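The primary structure of each chain is shown beneath.
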Amino acid sequence: MITGRVNPAKRLEDQGITGLGNVYYNLLEPALIESALKRGEGTLGKGGAFYCTTGAHTGRSPKDKFVVRTPDVEDTIWWENNKPMDSAKFDTLYADMLEHMKGKDYYVQDLFGGADAEHRLDVRVVTELAWHGLFIRTMLRRPERAELDTFAPEFTIINCPSFKANPERHGCRSETVIALNFDKKLILIANTAYAGENKKSVFTLLNYILPGKGVMAMHCSANHAIGNPDDTAVFFGLSGTGKTTLSADPSRTLIGDDEHGWSEKGTFNFEGGCYAKTINLSKEAEPEIYATCSMFGTVVENMVFDEETLELDFFDNSITDNMRCAYPLHYISNASESALGGHPKNVIMLTCDAYGVLPPIARLTPAQAMYHFLSGFTSKTPGTEVGVVEPTPTFSTCFGAPFMPRRPEVYGKLLQEKINTFGASCWLVNTGWTGGAFGTGKRMPIKATRALLTAALDGSLNAVEFRKDPNFGFEVPVSVPGVDATLLNPRDTWADKAAFDAQASKLVKMFSDNFAQYVPYIDEDVKAAAIG
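Not measured: the values here are computed from a predicted model.

Conventions adopted
- Residues numbered from 1 in each chain as written.
- Predicted model: local features only at pLDDT ≥ 70, side-chain atom pairs only at ≥ 80, totals over all residues.
- Heavy atoms only, no water.
- Helix = DSSP H or I, 4+ residues; strand = E, 2+ residues; numbered from the N terminus.
- Contact = heavy atoms within 4.5 Å.
- Polar contact = N/O pair within 3.5 Å; in protein donor to acceptor, adjacent residues only side chain to side chain.
- Salt bridge = Lys/Arg side-chain N within 4 Å of Asp/Glu carboxyl O.
- Buried < 20%, exposed > 50% of the residue type's maximum accessible area, 1.4 Å probe, protein only.
- UniProt positions renumbered as here; feature names shortened; annotations may be inferred.
- Expected span 1.5 Å × (residues − 1).
- Core = buried A, V, L, I, M, F, W, Y, C linked by side-chain atoms within 4.5 Å.

*Asks:* Before we go on, may I ask you to explain the environment of threonine 54 in this structure?
*Replies:* Structurally, threonine 54 is set in the loop between strand 4 (50–52) and strand 5 (65–68). Distance from threonine 54 to threonine 92, taken between C-alpha atoms, is 27 Å for residues 38 residues apart in sequence. With residues near it in sequence (within four places) discarded, threonine 54 still touches Trp131, Ala193, Tyr194, Glu301 and Asn302. Among the polar contacts listed, one links the side chain of threonine 54 to the backbone oxygen of histidine 57, at a separation of 2.6 Å.

Here's what the structure looks like:
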């Protein structure tokens, strides 16, 4: 039986997906929540939020992600970063998954990836779980109901957590698999209920497609000055660096919190929702994000709650450190209705330095910005990936290596061209540790980070005195009104100066060793900006 609104010429059976039970097309939020509750997928929480858990997988599984090796992408995929899957193995995986799906009910959401109609991707997401339908409907951009009558999916994602892959038969690593086939315009996700795999699959698609059109795809948040979209800022960073928190500034208009494009016209959000980490979230520090956790339709994922009062515990990480909430963008009062901005005036690269040696902010030249973008130094935060249980220093090129199908230089050169063309100011911001490494020091005070960012965005930071950092070569402010000057010189925050010097030398060498892989592909100005 078919329920819901769909293009009659583009149903699942028209795609060769047959023999299913009930198929629910493009249900709205109330119906999706009702279905999820009837099926026992979760709990109706305070304010109509939906509480759920994701089982064994509480973070992404990047080691189980594959790209099918086909002639059309053979020369453009970064194979050192993207595990190849044999085309015949994928076909077997698809056939076996379709057989497994027969007789079962599925939920279909037809959605847009991208707020710019010229560059958006029409995506169909088929989910076994009703709440996954709610999640992806929240996270992507929702067509008007009339648009569904002619919606023609360019790519289809099928997510079936109950299906277990066979590594030998399907050419994968484990029973969990995320397989992207650009030739067949199909993504298969199996044996994981972690909802973030859905949204990051769409992001990976856009990261491949858009650079071919001259559009920079960015793992970043973005905002602009109120009433002035031309004063746009973008914040690059991996999960846990502060992308969502720092872009949700009440004094600026939020464009989006995670995924954006930079086209010839300006900035645009890929999504229609936000996916915020909720561990240690407080009403005082982040009132708007906190409030979404008790609003209708918000998906609250992997959080402990009181079964009688339904009160959420933001400090209990017994399920995972990677507890999250997914809510529509319009739940944030200062969110942009269009999700569009101008060309960025400021490009901020967020890093979470678990070594405690980077300053809270540094000014970068365009060549230094390219260097740090390709380096992508940060720390993986607990829970965001399977097996990460404490802050782990890492180099994740483009601040999003798991989602980059092309070689990093493709993205780096595009970014550098746009920075040069539109004259953006560039900054490196450390939201990690100060006064010592993880385990000894403490996290950078968010109040100081916000004050420094405000000064960078309003231009006043350019008027203060800067010094050249002896280890990393970038410029660091000597003093900034409202910020403890000691924080601005990391060495001063350490009790043991010799230990700081040793730690800094260690990080400089790590930068140098990591960057050697990019040297054959970059211009001389970026080579000159290299550290070490």
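What follows picks up the thread again.
*Asks:* Could you clarify how one ought to interpret the pattern of salt bridges in this entry?
*Replies:* When the charged atoms of two side chains lie near each other, side chains of opposite charge can form a pair. Per the counting criterion, the structure on display carries 29 salt bridges. Linking aspartate 91 and lysine 184 is a salt bridge whose minimum nitrogen-to-oxygen distance equals 2.6 Å. With aspartate 91 in helix 2 (residues 87–101) and lysine 184 in the loop between strand 10 (177–181) and strand 11 (186–190), the pair connects residues that are 93 residues apart, well separated along the chain. For lysine 184, a relative accessible area of 41% corresponds to the partly exposed category. For lysine 199, the salt bridge is made with glutamate 259, and the minimal N-O distance between the two is 3.1 Å. Of this pair, lysine 199 sits in helix 5 (residues 196–209) while glutamate 259 sits in strand 15 (residues 259–262), placing them 60 residues apart in sequence. Each member of the pair lysine 199 and glutamate 259 is classed as buried. Each of Lys199, Lys200, Lys243, Asp258, Glu259 and Glu271 takes part in one network of salt bridges that share partners.

*Asks:* I'm lost on the UniProt feature "binding site: Mn(2+)" (unreviewed entry) in the chain in this one. Help?
*Replies:* On the UniProt side, "binding site: Mn(2+)" (unreviewed entry) is annotated at positions that read Lys200, His219 and Asp258 here. Across 59 residues of sequence, these annotated residues stay compact in space, with a maximum C-alpha separation of 10.2 Å. Inspection of the secondary structure assignment puts lysine 200 in helix 5. Residues contacting lysine 200, with those up to four places away along its chain left out, are Arg60, Lys65, His219, Asp258, Glu259 and Phe403. Positionally, histidine 219 belongs in strand 12 (residues 216–225). Here histidine 219 falls in the buried class, since its relative accessible area comes to 3%. Contacts of histidine 219, omitting those with residues within four sequence positions, involve Lys200, Phe203, Phe235, Phe236, Gly237, Leu238, Ser239, Lys243, Asp258, Phe399, Gly400 and Phe403. Side chain to side chain, histidine 219 and lysine 200 meet in a polar contact 3.1 Å long.

*Asks:* Is there a simple way to think about helix 2 in this case?
*Replies:* Turn by turn, an α-helix covers 3.6 residues, leaving residues three or four places apart pointing in a common direction. Over its 15 residues, helix 2 runs 21 Å from end to end, which matches the ideal 21 Å to within 8%, given 1.5 Å per residue. Within helix 2 the residues assigned to the buried category are Phe90, Leu93, Tyr94, Asp96, Met97, Leu98 and Met101. The opening residue of helix 2, the one whose side-chain oxygen lies 3.0 Å from the backbone nitrogen of alanine 88, is aspartate 86. Looking at the residues trailing helix 2, positive phi occurs at glycine 103, about 85 degrees.

*Asks:* Is there a simple way to think about the nonpolar core in this case?
*Replies:* In summary, soluble globular proteins display a tendency toward joint burial of nonpolar side chains. Among the nonpolar cores identified, the biggest contains 48 residues, and Trp131, Phe135 and Phe182 are the most heavily contacted of them. With six residues, the top contributor of residues to this core is helix 3 (residues 130–139). Those residues within four positions of phenylalanine 135 in sequence are excluded, and the remaining contacts are Ala195, Gly196, Asn198, Lys199, Tyr275, Val299 and Ala326. Of all hydrophobic cores here, the second largest spans 45 residues; its members include Val347, Tyr371, Ile419 and Val526.

*Asks:* How do you make sense of helix 9 (residues 408–422) when you look at a structure like this?
*Replies:* Across its 15 residues, helix 9 extends 21 Å between first and last C-alpha, which sits within 8% of the 21 Å expected from 1.5 Å per residue. Here helix 9 has its buried residues at Pro408, Glu409, Tyr411, Gly412, Leu414, Leu415, Gln416, Lys418 and Ile419. Directly beyond the C-terminal end of helix 9, a positive phi value near 65 degrees is found at glycine 423.

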